[in-house]
Amino acid sequence: MALVKEITGCSIVEKSSFLGHQSRVQFSVNPVRFPLDKTRSRSSRLKKGVRTTSPAVVAAISEDLVKIVRIEKPVTFKVRAVLTVRNKNKEDFNETVLRKIDAFTDQIGRNVVLELYSNDIDPKTRAPKKSKEAAIKDWSKKSNLKTERVNYTADILVDSEFGIPGAIAITNKHQSEFFLETITIEGFACGPVHFPCNSWVQSTKDHPKPRIFFSNQPYLPNETPLGLKSLRDKELKDLRGDGDGIRKLSDRIYDYDVYNDLGNPDRGNDYIRPSLGGDKIPYPRRCRTGRVPSDTDIKAESRVEKPLPMYVPRDEQFEESKANAFSTGRLKAVLHNLLPSIVASISKKHDFKGFSQIDSLYSEGVLLKLGLQDDLLKKLPLPNLVTRLQESSQGGGLLKYDTPKILSKDRFAWLRDDEFARQTLAGVNPVSIEKLQAFPPVCRLDPDKYGPQQSVLREEHIAGHLDGMTVQQAIEENKLFIIDYHDIYLPFLDRINALDGRKAYATRTIFYLNSSGTLMPIAIELSLPQALPGSESKQVVTPPVDATGNWMWQLAKAHVCSNDAGVHQLVHHWLRTHAAMEPFILAAHRQLSAMHPVYKLLDPHMRYTLEINALARQNLINADGVIESCFTPGRYCMEISAAAYKNWRFDLEGLPEDLIRRGMAVRDSSKPHGLKLLIEDYPYASDGLLIWEAIENWVRTYVNRYYPDSAQICNDRELQAWYAESINVGHADLRHENWWPTLATTDDLTSILTTIIWLASAQHAALNFGQYPYGGYVPNRPPLMRRLIPDENDPEYKSFLDDPQRYFLSALPSLLQSTKYMAVVDTLSTHSPDEEYIGERQQRSTWSGDAEIVEAFYGFTAEIQRIEKEIERRNSDTCLKNRCGAGVLPYELLVPSSEPGVTCRGVPNSVSI
């Protein structure tokens, strides 16, 4: 036999890579003499253990010729599929009934059917090779199991020439959908084949076509096995849809639309809002729902109000534990059950009577304090809810809030100037501060439209705080910094200040960097639109030297914080991490196959973003929604967000570029990360750079694995289509800007992907999970102001002098506005039990079939864990005064891990709340 192989270059019988396979070969050899009994002996050994009929082997031996002929007849054998299905923890009555019906009909053929697809094509049909269909055999028997996950099995018949399985089709003939986590195929000689699914499989009554899932093996488009090419293209075509029709909640179609659903013109003029997106008001695109137009405005999409769900593709909807955590939070309990009754019981203009009343929100509860408890309980229509509320009230109040972290170490820290400044570096909005480049600051608004807007800040306002330096010297020494909200607010001030109970300035705040590495505010400029030529529209407030000045200064800081809260929420948080990411996610699902390596990389960083953005359109950023109710700009909130989008630049959204743009860092190759921070103790930046570098190194390793040269990037049609569509459709209003990065090299791709992952994970975490810890105490960070600072000619000036505390509290949000805001930011600051944090992902060992990449991901996880320990060390370093000291909060917003709840730490993989 060995001699035959030596002569012919192959063995007489070649073993397949699959169990139970005995390949057939036919060949002839010129005269070779070998003992016949040895040939039979080898043949018998090869046949041993094979479950098939004897492979008719005919040997004709003559003195001149040896012929061995194998008749082709594929062997059929079984492989086992193990499906892991996640059960619902709680079922409603209809779901229970359908589950029992499915268990019964499963036994009579209305079952779940599987069909394997090979990587190879059938040489006869030129179509993908398929196995025989097989039904899950133990569904009815296991239908009553109450465990979180259930494993079901099916035996699938394949022939010995099937090849390696690359896809599986599932037909769900039941009445109900089910959530499929994974499929594992066992029985092939290559070992188990894993199919990460994490998807809802719909009933054929809703979606007649089978669902296709691909194995965990990544393939670039030009590397796709022949048997999977048509399936790959068809799956993407189905996900894109045809752009028509109203989307059903069970659909998996990803498409684009403008923000034309924020208003509700059918309710009246007060609820009309402009459409965002298009030449008139540029804005990113959102997920299309296909809802019909409103009755009164054909360009406005009709509204879907709570509790009815908004459409997002089925797999983007919150999973059960996430949905429960969200819906049972205060956002639902307070806003939807209690607020209507509260509104009826409390005047909207009810002010806090003193700081002690604010404190009582955390100790006693709002309704108990007001003596309205019994009256409110009588008005609530739900008996079960009344019982629950009565029980909770006995424990200390109906609307009792957790004490915000800002009060945990020093209840009066928020009053101090150093804490006001510290929060610009280590608070919930550490991305607005910039190096002061010119003094006085320069306005970039069109003077023809807004008039001359020269700053009234002068050197004499700040000279006494510069340790003997001139302003120019302080600028050159990198000692002066600014938070400048003048240009973003001024165009809207006339309209904002005309709203009932809303008053705002456009603020500029100058900070000085002390020798200790901490900042101090040294001047605040407050600007209003110029009412008449020559009239005073700007004033400067400086640190106080007397009692009256102290209250003026506190009011000025409150207006700065209100400006800051608005820009933080509408620009840095919503626009830059929520809205701007949605087009990249939509394009990824539409243009990148699930087997594409880049899709596999991005997958955990896209989780839940479309759902939380849809919920925001329904309840947060809509007309008369939470954002309009709780923030000073009111109905103009989203127009401010859109105005900021004109200056949004994807190429400057990565952390290093953003720090350089704001003048907070300069390039320095001798420093870690290649940057030198102008303020060394800048917790957000210094911790963020650790995470940025870890992400960048992981992405670079990943990209280099699949694209060893740049030509492959240029020739990857799916990758190029994803990036092009993200820009040309998703960010269509900015598509002609010349700053968009090119995608032609491995460095380009590494940079683009690193930026997206940074924004979805660490940047969003830094801007989101401190909202309640810092904003839950409204005086520290009022989202809304109701009064301007009085001057001596103001009729209110006397009441201000008589009771400055009362005037200050009356300028803050009312009790109702405050509790509503606190309820919202409490929910938005909460980690759900199923949160996935950076360095984690589902099916950690099988999410990719590339063992080298799985190993590299474990290395990334280890680096994230090392970063967490380093941040903990920094928070104990007394030299770092912006994160360690008496009464100073540690900076933990970029600590990667967290427990569920409001923790002021934790970096989830995605924009999920």
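In the nomenclature of an unreviewed UniProt entry, the chain is known as Lipoxygenase of Lactuca virosa. The UniProt entry for the chain carries the following text under Function (unreviewed entry): "Plant lipoxygenase may be involved in a number of diverse aspects of plant physiology including growth and development, pest resistance, and senescence or responses to wounding." Regarding the chain, the UniProt comment filed under Cofactor (unreviewed entry) reads as follows: "Fe cation".

Enquirer: For this particular structure, what's the right way to read the layout of surface pockets?
Expert: Vacant regions in the atomic arrangement are exposed by a probe of water-molecule size rolled over the atoms. When its volume is computed, the second largest pocket comes out at roughly 1,500 Å³. Forming the walls of the second largest pocket are 43 residues, and the residues nearest its centre are Asp484, Asp487, Ile488, Ala644 and Asn647. Looking at the lining of the second largest pocket, the elements that each hand over two or more residues are β15 (434-435), α13 (447-450), β16 (480-484), α16 (486-489), α18 (547-579), α23 (637-645) and α24 (655-661). No other element matches the five residues that α18 contributes to the lining of the second largest pocket. Of the residues in the lining of the second largest pocket, the class split is 22 nonpolar, four polar and 17 charged.

Enquirer: Can you walk me through the pairing of strand β4 (residues 76-86) in this structure?
Expert: On a regular strand, each side chain points to the face opposite its neighbour's, so the side chains alternate between the two faces of the sheet. Along β4, eight of the eleven residues are buried, which leaves the element largely enclosed by surrounding structure. Inspection of the sheet shows β4 paired to strand β8 (residues 149-159) by eleven bridges, in the antiparallel sense. Looking across to β8, one finds that Leu83 is bridged to Tyr152. In this structure, β4 lies alongside strand β10 (residues 178-186), joined through seven bridges in antiparallel fashion. Directly across from Val82, in β10, lies its bridge partner Thr184.

Enquirer: So what exactly am I meant to see when it comes to helix α19 (residues 582-591) here?
Expert: A turn of α-helix holds 3.6 residues, and therefore any two residues three or four places apart point the same way. With respect to burial, α19 is a largely interior element, ten of its ten residues being buried. Of the residues making up α19, those classed as buried are Glu582, Pro583, Phe584, Ile585, Leu586, Ala587, Ala588, His589, Arg590 and Gln591.

Enquirer: What should I look at first to understand the nonpolar core in this one?
Expert: The nonpolar side chains of a soluble globular protein tend to be buried with one another. Within the largest apolar cluster, 183 residues are counted, with the highest numbers of intra-cluster contacts made by Tyr283, Leu659, Tyr682, Tyr684 and Trp722. Here the element with the most residues in this core is α18; it accounts for 14 residues. With residues near it in sequence (within four places) discarded, Trp722 still touches Phe584, Ala587, Ala588, Gln591, Leu592, Leu602, Ile752, Leu753 and Ile756.

Enquirer: For this particular structure, what's the right way to read the packing of helix α27 (residues 717-730) against helix α28 (residues 746-768)?
Expert: Packing of α27 against α28 brings their axes to within 13 Å, and their N-to-C directions diverge by 55°. Here α27 lies oblique to α28, going by the angle between them. Remark: the crossing between α27 and α28 carries left-handed chirality. Counted together, Leu719, Trp722 and Tyr723 of α27 and Leu749, Ile752, Leu753 and Ile756 of α28 form the full contact between these two elements. Tallied by class, the residues present in the contact of α27 with α28 amount to seven nonpolar, no polar and no charged.

Enquirer: Help me understand the packing of aromatic side chains, please; the structure alone is not making it clear to me.
Expert: What characterises a pair of aromatic rings is the spacing of the ring centres plus the angle enclosed by the ring planes. Taken as a whole, this structure holds 36 aromatic pairs when the rule is applied. Ring geometry for Phe650 versus Trp740: centroids 6.0 Å apart, planes at 25°, classification stacked. One end of the pair, Phe650, is in the loop between α23 and α24; the other, Trp740, is in the loop between α27 and α28, and 90 residues separate them in sequence. Taken together, the aromatic side chains of Tyr259, Tyr283, Phe584, Tyr645, Trp648, Phe650, Trp722, Tyr723, Trp739 and Trp740 make up a single cluster linked through ring pairs. In this structure, Arg267 is placed above the aromatic ring of Tyr271, and the distance from its NZ or CZ to the ring centre is 3.9 Å. The residue whose ring lies beneath Arg495 is Tyr636, and the NZ or CZ to ring-centre distance is 5.1 Å.

Enquirer: Before we go on, may I ask you to explain the sheet that holds β10 in this structure?
Expert: Note on sheets: strands pair through backbone hydrogen bonds, and any given pair is parallel or antiparallel. Ordered in space as β8-β4-β10-β11, the four strands form an open sheet in which the pairing is antiparallel. What marks the edges here is a single partner per strand, and that holds for β8 and β11 (193-201). On average, adjacent strands in this sheet sit at an angle of 20° to one another, irrespective of strand direction.

Enquirer: Looking at this model, I keep getting lost on the packing of α18 against α28. Mind explaining?
Expert: Working note: a packed helix pair is described by the angle between its axes plus the distance between those axes. Between α18 and α28, whose axes approach to 10 Å, the crossing angle comes to 165°. Relative to α28, α18 is oriented roughly antiparallel. Of the two elements, α18 crosses α28, and the hand of that crossing is left-handed. Contacts between α18 and α28 involve His568, His572, His573, Arg576, Thr577 and His578 from the first element and Leu759, Gln763, His764, Leu767 and Asn768 from the second. When its residues are assigned to classes, the contact of α18 with α28 shows two nonpolar, eight polar and one charged.

Enquirer: What should I look at first to understand the pattern of salt bridges in this one?
Expert: Pairing between side chains of opposite charge can happen when their charged atoms approach one another. Applying the stated rule across the entire model yields 59 salt bridges. Note that Lys137 and Asp155 form a salt bridge whose closest N and O atoms lie 2.9 Å from each other. Residue Lys137 is found in the loop between β7 (134-135) and α4 (139-142), and its partner Asp155 is found in strand β8; the two are separated by 18 residues along the sequence. Since its relative accessible area comes to 47%, Lys137 is described here as partly exposed. Across the pair Arg874 and Asp687 runs a salt bridge, and its minimum N-O distance is 2.8 Å.

Enquirer: I'm lost on a nonpolar patch on the surface in this one. Help?
Expert: The grouping of Phe93, Val97 and Ile101 at the surface amounts to a nonpolar patch, some 290 Å² of accessible area in total. Relative to the helices and strands, Ile101 resides in helix α3 (residues 93-105). Overall, the relative accessible area of 38% leaves Ile101 in the partly exposed class.

Enquirer: I keep staring at the side chain of Asp138 and nothing clicks. Help me out?
Expert: Mapped onto the elements, Asp138 comes out in the loop between β7 and α4. In terms of polar contacts, Asp138 uses its side chain to reach the side chain of Lys142, at 3.0 Å. Separated by 3.2 Å, the side chain of Asp138 and the backbone nitrogen of Thr153 make a polar contact. Contact partners of Asp138, with chain neighbours within four places excluded, come to Asn151, Tyr152 and Thr153.

Enquirer: Help me out: how do you make sense of the environment of Leu308 in this one?
Expert: Examined against the element boundaries, Leu308 turns out to sit in the loop between β14 (286-287) and α6 (320-327). Judged by its relative accessible area of 54%, Leu308 is exposed. Along the backbone, Leu308 and Gln618 are 310 residues apart, and their C-alpha atoms lie at a distance of 9.8 Å.

Enquirer: What am I meant to see in the side chain of Ser118 here?
Expert: Locating Ser118 in the fold gives a position in strand β5 (residues 112-121). Ser118 gets classed as buried once you look at its relative accessible area, which sits at 0%. At 2.9 Å, the side chain of Ser118 and the backbone nitrogen of Asp120 are in polar contact. With near-sequence residues (within four places) excluded, Ser118 lies in contact with Lys129, Phe162, Gly163, Ile164, Pro165, Gly166, Gly227 and Leu228.

Enquirer: When you look at the sheet that holds β16 in this model, what are you seeing that I'm missing?
Expert: Strand order in the open sheet formed by five strands is β15-β16-β17-β18-β19, and the pairing between neighbours is antiparallel. Only two strands of the sheet have a single neighbouring strand rather than two, namely β15 and β19 (538-541). Both β16 and strand β17 (residues 506-513) contribute to a ladder of five bridges, which runs antiparallel. Bridge pairing links Asp484 to Arg508 in β17. The strands touched by α18 within the sheet are β17, β18 (519-527) and β19, with β18 carrying the most contacts at an inclination of about 80°.

Enquirer: It is not clear to me how the confidence of the model for the chain should be interpreted in this structure. Could you clarify?
Expert: Detailed reading of the predicted coordinates is not advisable wherever pLDDT is low. Here the chain averages 87 in pLDDT, while 85% of its residues score no lower than 70. Per-residue pLDDT stays below 50 along residues 1-69; that stretch engages in 96 contacts with residues further than four places along the chain or on separate chains. Contacts for the low-pLDDT stretch residues 330-337, under 50 throughout, to residues beyond four places or in other chains number 28 contacts.

Enquirer: It is not clear to me how empty space enclosed by the protein should be interpreted in this structure. Could you clarify?
Expert: Counted by the stated rule, this structure contains ten cavities of 30 Å³ or more. Its boundaries defined by the atoms lining it, the largest cavity holds a volume of some 820 Å³. Counting residues per element, the ones that place at least two in the lining of the largest cavity are β11, β12 (211-214), α5 (229-240) and α20 (597-602). The element contributing the most residues to the lining of the largest cavity is β11, with five residues. For the lining of the largest cavity, the residue count by class is 18 nonpolar, eight polar and eleven charged. By volume, the second largest cavity is sized at about 230 Å³. Lining the second largest cavity are 19 residues; nearest its centre among them are Phe420, Gln423, Lys557, Cys561 and Asn780. If you list the elements that add at least two residues to the lining of the second largest cavity, you get α12 (417-426), β17 and α18. It is α18 that contributes the most residues to the lining of the second largest cavity, six residues altogether. Here the lining of the second largest cavity is built from residues that sort into nine nonpolar, six polar and four charged.

Rules behind the numbers
- Residues numbered from 1 in each chain as written.
- Predicted model: local features only at pLDDT ≥ 70, side-chain atom pairs only at ≥ 80, totals over all residues.
- Heavy atoms only, no water.
- UniProt positions renumbered as here; feature names shortened; annotations may be inferred.
- 1 Å grid on protein atoms, 1.4 Å probe; cavity = no way out; pocket = protein on both sides within 12 Å on 5 of 7 lines; lining within 4 Å.
- Points joined across faces, edges and corners; volume = space filled by probe spheres on them.
- Helix = DSSP H or I, 4+ residues; strand = E, 2+ residues; numbered from the N terminus.
- Nonpolar A, V, L, I, M, F, W, Y, C, P; charged D, E, K, R; others polar.
- Buried < 20%, exposed > 50% of the residue type's maximum accessible area, 1.4 Å probe, protein only.
- Pairing = 2+ DSSP bridges.
- Core = buried A, V, L, I, M, F, W, Y, C linked by side-chain atoms within 4.5 Å.
- Contact = heavy atoms within 4.5 Å.
- Axes fitted to C-alpha atoms, helices over the stretch in contact; angles between N-to-C directions.
- Parallel < 35°, antiparallel > 145°, perpendicular 65-115°, else oblique.
- Left-handed = near helix turned anticlockwise from the far one by under 90°.
- Phe/Tyr/Trp six-rings, centres within 6.5 Å; stacked < 30°, edge-to-face > 60°.
- Lys NZ or Arg CZ within 6 Å of the ring centre and 35° of its normal.
- Salt bridge = Lys/Arg side-chain N within 4 Å of Asp/Glu carboxyl O.
- Patch = residues over 30% accessible without salt bridge, like charges linked within 9 Å, V, L, I, M, F, W, Y side chains within 5 Å.
- Areas by Shrake-Rupley, 256 points an atom, 1.4 Å probe, with all protein chains shown as cover.
- Polar contact = N/O pair within 3.5 Å; in protein donor to acceptor, adjacent residues only side chain to side chain.
- pLDDT = per-residue confidence, 0-100.

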